[in-house]
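# Fold and contact review
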Amino acid sequence: MSLLAVSNLTKRYRRGGKSIAAVDDVSFHIDPGETLALAGPSGSGKSTIARLVLRLVEPDAGRIEFEGDDFLALRAAALRARRARLQMVFQDPLAAFNPRATVARVLDDPLRIHGIASRSERPRRIAALLERVGLAAELASRAIHEISGGQRQRVAIARAVATKPTLIVLDEAVSALDVSVRGQILELLLDLQRQERIAYLFISHDLGVVRAVAHRVILLDAGQIAESGDARAVIDAPRSAIGKALVAAAPRLHGTRR
Amino acid sequence: MSRFRRFLRTPEAVAGAIILAALIAMALSASLLFPGDPQAIAGPALLPPFQDWSLPLGTDRLGRDVLAELFHGARTSLAVGLAAAAAALAVGSVVGTLAGFAGGFIDEVLMRITDAFQTVPSFLLALAFVSVVGPSLGIVVIAIALGTWTGPARVARAEVLSIRERDYVASARAIGMHPLAIAFREVLPNALPPVLAMSSVIVAAAILTEAALSFLGLGDPNRVTWGGMIAEGRTVLRTAPFLSIVPGIALVLTVLGVYLAGEGIVETTAVRRGLQ
Ligand SMILES: Nc1ncnc2c1ncn2[C@@H]1O[C@H](COP(=O)(O)OP(=O)(O)OP(=O)(O)O)[C@@H](O)[C@H]1O
Ligand SMILES: [Mg+2]
């Protein structure tokens, strides 16, 4: 059974009086421990799918099954409880945190909300989480704006794994980082996946990165699935027009190996 | 520290701060320097200022010490002004945050209520409220706050509308935080700066409204108020103008001080934010 099964997902937005389908009848699934990449040009609906899967916005039609349950049927407290299993990392690690927060508070929230650790136990848990993502425990007392972009994204990952999720949605999670930091963060993500069997919905416009980290890929075009399949097979030999265009536009695709 | 230094380099702000400090000193020292009832008879009636150094500002129609009244009046003015402004800012921020964050029906209802309050001139609202409920310090505070919370509510709502679309609010939802916790822990503190920037104007207006209510005899009768002193002095305006002029000057200086100091703070913090 798959971890996440999305079927016929549709989301329309009104723009200038007429409604446009940002996501149009999209179906896919993700297995436990698997990385599924979503790629496609800007405005093709990648972020909208991420937000739909996380129920940050509600779909107009379709089904989302998560861990065998009808995810869209969950209400209020039941939904908040289930959110522990399904986490997200955003593109801009500065915008993703309350500007007044400290690292400790950011990591304390999920532990407290989901009752994962008692108050006295939490500082130790926070230190362990920081260590898990390759940061010094002393960082806990710093304000979010006092640490580097790469460190911030590690904190975002620590927050996401704090509740031991089975799926993490990564919306352009490495796109804002410079190349050397990007490599380290990807390494960390792969390491976490190997050890804890976390599945990723990996959104990226960088086909080189997708080819390196994803098992399967879905290419989106104007809210619809243009092509999908094994990541390397699709990127090495795209069949759809949008796939060919994306590959042609991607710099230095060759030589990246997963 | 540099914020403080920048504040010091703004002459208006420093002038405001000095006036405000003097005022606070007056309010705090009132019962030390002038113990006992400031409304008690202290000497002959209508003694002009600078005649008798035990009564430096003279006495009023009933022989009460004007300087003592001035000090105790500072206390009322400041207390009412600050309390009313704090209440207005608190209520406004909470209403604005709830409206902006909840959206939909709740927003609609809260904003219609805000409209309703805003269409009535705030002074009339205060006047009506005190006339109906009766004058006491607490009631005057509520009466003033009733007419002033709508401004902060609108500003807070506008700010919240932009903040609620930010990623960190989505993050808070994604980790399963309760919507009320998101509204009041994540959103409200970040929506506060522009709301707090209104506080100097609100405090100044509240002090003036309190004075006006007292002038009309709707202040707390057990307290000395500057508005009440001006009203008292009006009856002998020809013969003893100082009785109205002294509290009038105090009122003008206070409002000016609050406004200048408040603007100075906003200015220096805004500059700082602009530089970042
Ligand atoms: N809240 C919204 N209101 C109106 N239209 C929206 C909204 N969110 C997204 N859209 C529209 O939906 C479409 C898909 O947007 P989405 O953000 O999902 O694209 P994307 O693939 O993530 O693009 P990018 O690579 O630039 O991040 C776009 O046309 C966008 O303008
Ligand atoms: Mg996007």
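Residues numbered from 1 in each chain as written. Chains lettered and ligands numbered in written order. Predicted model: local features only at pLDDT ≥ 70, side-chain atom pairs only at ≥ 80, totals over all residues. Heavy atoms only, no water.

## Overview of the environment of Val 210 of chain A
Residues and elements named next belong to chain A. Looking at the element boundaries, Val 210 is found in helix α7 (residues 207-213). In sequence terms Val 210 and Ala 231 are 21 residues apart; their C-alpha atoms lie 7.2 Å from each other. Setting aside residues no more than four positions away along its own chain, Val 210 makes contact with Ala 37, Ser 204, Val 217, Ala 231 and Ile 235. (Helix = DSSP H or I, 4+ residues; strand = E, 2+ residues; numbered from the N terminus. Contact = heavy atoms within 4.5 Å.)

## Observations regarding the site of ligand 1
All names here are of chain A. Taken together, Tyr 13, Arg 15, Ala 22, Pro 41, Ser 42, Gly 43, Ser 44, Gly 45, Lys 46, Ser 47 and Thr 48 make up all the residues around ligand 1. For ligand 1, an oxygen atom lies 3.0 Å from a polar atom in the backbone of Gly 45. One of the side-chain N or O atoms of Ser 47 is found 2.7 Å from an oxygen atom in ligand 1. Across the complex, the protein chains shield 61% of the 640 Å² of accessible surface that ligand 1 would expose by itself. Here the residues of the shell around ligand 1 are counted per class, giving three nonpolar, six polar and two charged. (Near = heavy atom within 4 Å. Polar contact = N/O pair within 3.5 Å; in protein donor to acceptor, adjacent residues only side chain to side chain. Areas by Shrake-Rupley, 256 points an atom, 1.4 Å probe, with all protein chains shown as cover. Nonpolar A, V, L, I, M, F, W, Y, C, P; charged D, E, K, R; others polar.)

## Considering the pairing of strand β4 (residues 61-66) of chain A
Along any regular strand the residues' side chains alternate between the sheet's two faces. All names here are of chain A. In terms of strand pairing, strand β1 (residues 4-15) meets β4 through five bridges, oriented antiparallel. When the sheet's bridge partners are listed, Thr 10 is paired in β4 with Ala 61. Pairing analysis gives two bridges linking β4 to strand β5 (residues 69-70), with the strands arranged antiparallel. Looking across to β5, one finds that Phe 66 is bridged to Asp 69. (Pairing = 2+ DSSP bridges.)

## Digging into the UniProt feature "domain: ABC transporter" (unreviewed entry) in chain A
In this numbering, the UniProt entry assigns the feature "domain: ABC transporter" (unreviewed entry) to residues 4-247 of chain A. For residues 4-247 of chain A, the end-to-end C-alpha separation is 28 Å, with 36% helix and 27% strand making up the annotated structure. (UniProt positions renumbered as here; feature names shortened; annotations may be inferred.)

## Here we look at empty space enclosed by the protein
Scanning the model with the defined rule gives three cavities of 30 Å³ or more in all. Roughly 90 Å³ of volume is contained in the largest cavity. Lining the largest cavity are Phe 97, Asn 98, Ala 101, Arg 105, Val 106, Asp 109 and Arg 159 of chain A together with Tyr 168, Ser 171, Ala 172, Ile 175 and Glu 186 of chain B. Looking at the lining of the largest cavity, the elements with two or more residues in it are α3 (103-113) of chain A together with α8 (167-174) of chain B. Class assignment for the residues of the lining of the largest cavity results in six nonpolar, two polar and four charged. Residue lining of the second largest cavity: Asp 60, Arg 64, Val 66, Glu 69, Met 229, Glu 232, Gly 233 and Leu 243 of chain B, and that is the complete set. Those elements that provide at least two residues to the lining of the second largest cavity are α3 (66-102) and α11 (226-234) of chain B. Counting residues per element, the lining of the second largest cavity draws most heavily on α11 of chain B, which supplies three residues. Partitioned by chemical class, the residues of the lining of the second largest cavity number three nonpolar, one polar and four charged. (1 Å grid on protein atoms, 1.4 Å probe; cavity = no way out; pocket = protein on both sides within 12 Å on 5 of 7 lines; lining within 4 Å. Points joined across faces, edges and corners; volume = space filled by probe spheres on them.)

## So, the side chain of Arg 154 of chain A
Residue and element names in this part refer to chain A. Assignment of secondary structure puts Arg 154 in helix α5 (residues 149-161). Here Arg 154 occupies a buried position and makes no salt bridge, while the nearest side chain of opposite charge, Asp 191, is found at 8.7 Å. Those residues within four positions of Arg 154 in sequence are excluded, and the remaining contacts are Val 133, Gly 134, Leu 135, Gln 184, Ile 185 and Leu 188. (Buried < 20%, exposed > 50% of the residue type's maximum accessible area, 1.4 Å probe, protein only. Lys, Arg positive; Asp, Glu negative; His and termini not counted. Salt bridge = Lys/Arg side-chain N within 4 Å of Asp/Glu carboxyl O.)

## Concerning the interface of chain A and chain B
The interface of chain A with chain B comprises 21 residues on the first partner and 16 residues on the second. Both faces considered, chain A and chain B share a buried interface measuring about 1700 Å² in area, 50% of it formed by carbon and sulfur atoms. Looking only at chain A, the three residues that lose the most surface to chain B are Leu 56, Arg 80 and Arg 100 of chain A, adding up to 28% of its buried area. The interface formed by chain A and chain B holds three salt bridges in total. (Buried area = accessible area lost by both parts, 1.4 Å probe.)

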